Amino acid sequence: MKILPMKLKPILAVALLCAAGAGLAAPILVPDPKSWAALSPAQQQQKREEIRRQLQTASPQEREAFRRDLRVTLQGMSPQDRRALIDRAKDRWQAMSPQEREAFKRERAQKLEQLPAGERARLLEQRRAMLERLSPEERAALREKLPGR
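All figures in this text were calculated on a predicted structure; none of them were measured in a lab.

We now examine the overall build of the protein chain. A tally of helices and strands in the protein chain yields eight helices and zero strands. Secondary structure of the protein chain in N-to-C order comes out as α-α-α-α-α-α-α-α. Partitioning the intrachain contacts of the protein chain with sequence separation of at least 6 by distance along the chain shows that 47% fall at a separation of at least 24. A total of about 12300 Å² of accessible surface is found on the protein chain, and carbon and sulfur atoms cover 61% of it.

In structure tokens:
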């Protein structure tokens, strides 16, 4: 076994720490829909905030992996479960005051503005792909909901 020169030991130590740190970054897990539904609204809000904090500090690749895993999870749900999830989201939206809705919209717009340009472009492409899968009637219904521009 050959002994390393003193100058290389600090470099090797930093390299090992970086490699270990890279391995510690755990992926952001998508919650299981059934266990999510079993949580109280307060617990769901707490978990939602925790995921948001993780996503804020995550790399673009980690955020993309989370979105992909979320999409796969939602697509794996039964149509009835998806419909129930959509209905609960609509109920939460309807329960919000107009001020809360506007605050939510502003917060969402700010988050999108803070994303790197490449990530915003990927999200736009994903949205376009989703819209292309809709029927003409569904697209027309969505257009009617859009505010006048």
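Let's shift gears to the packing of helix 4 (residues 60-75) against helix 7 (residues 117-133). Where helix 4 contacts helix 7, the axes come no closer than 11 Å and their chain directions differ by 15 degrees. With respect to helix 7, the element helix 4 is oriented roughly parallel. The two elements helix 4 and helix 7 cross, and the hand of that crossing is right-handed. Counting all contacts with helix 4, which are made through Pro 60, Arg 63, Glu 64, Arg 67 and Arg 71, the residues of helix 7 involved are Glu 119, Arg 122, Leu 123 and Gln 126. Its residues placed into classes, the contact of helix 4 with helix 7 shows two nonpolar, one polar and six charged.

Here the focus is the nonpolar core. Grouped together as the largest cluster of nonpolar side chains are five residues: Ile 28, Val 30, Ile 51, Ala 58 and Phe 66. Not counting residues up to four positions away in its chain, the partners in contact with Phe 66 are Ile 28, Leu 29, Val 30, Ile 51 and Leu 55.

Here we come to the confidence of the model for the protein chain. A residue-level look at the protein chain finds 82% of positions with pLDDT of 70 or above and a mean pLDDT of 79. Predicted confidence is poor over residues 1-24, with pLDDT under 50, and the contacts of this stretch with residues over four places away or in other chains come to two contacts.

Another aspect to go through is the pattern of salt bridges. What the rule picks out here adds up to nine salt bridges. In this structure, Glu 119 engages Arg 63 in a salt bridge whose closest nitrogen and oxygen atoms are separated by 2.9 Å. In this pair, Glu 119 sits in helix 7 while Arg 63 sits in helix 4, placing the two residues 56 residues apart along the sequence. With respect to burial, Glu 119 and Arg 63 carry one shared label: buried.

As a further point, take the packing of aromatic side chains. On inspection of all chains with the given rule, the structure shows one aromatic pair. Aromatic pair Trp 93 and Phe 104: ring centres 5.9 Å apart, planes at 75 degrees, arrangement edge-to-face. Residue Trp 93 is located in helix 5 (residues 79-95), and its partner Phe 104 is located in helix 6 (residues 98-114); the two are separated by 11 residues in the primary sequence. Exposure remark for Phe 104: the relative accessible area of 37% places this residue in the partly exposed category.

Parameters at a glance
Residues numbered from 1 in each chain as written. Predicted model: local features only at pLDDT ≥ 70, side-chain atom pairs only at ≥ 80, totals over all residues. Heavy atoms only, no water. Helix = DSSP H or I, 4+ residues; strand = E, 2+ residues; numbered from the N terminus. Contact = heavy atoms within 4.5 Å. Areas by Shrake-Rupley, 256 points an atom, 1.4 Å probe, with all protein chains shown as cover. Axes fitted to C-alpha atoms, helices over the stretch in contact; angles between N-to-C directions. Parallel < 35°, antiparallel > 145°, perpendicular 65-115°, else oblique. Left-handed = near helix turned anticlockwise from the far one by under 90°. Nonpolar A, V, L, I, M, F, W, Y, C, P; charged D, E, K, R; others polar. Core = buried A, V, L, I, M, F, W, Y, C linked by side-chain atoms within 4.5 Å. Buried < 20%, exposed > 50% of the residue type's maximum accessible area, 1.4 Å probe, protein only. pLDDT = per-residue confidence, 0-100. Salt bridge = Lys/Arg side-chain N within 4 Å of Asp/Glu carboxyl O. Phe/Tyr/Trp six-rings, centres within 6.5 Å; stacked < 30°, edge-to-face > 60°.

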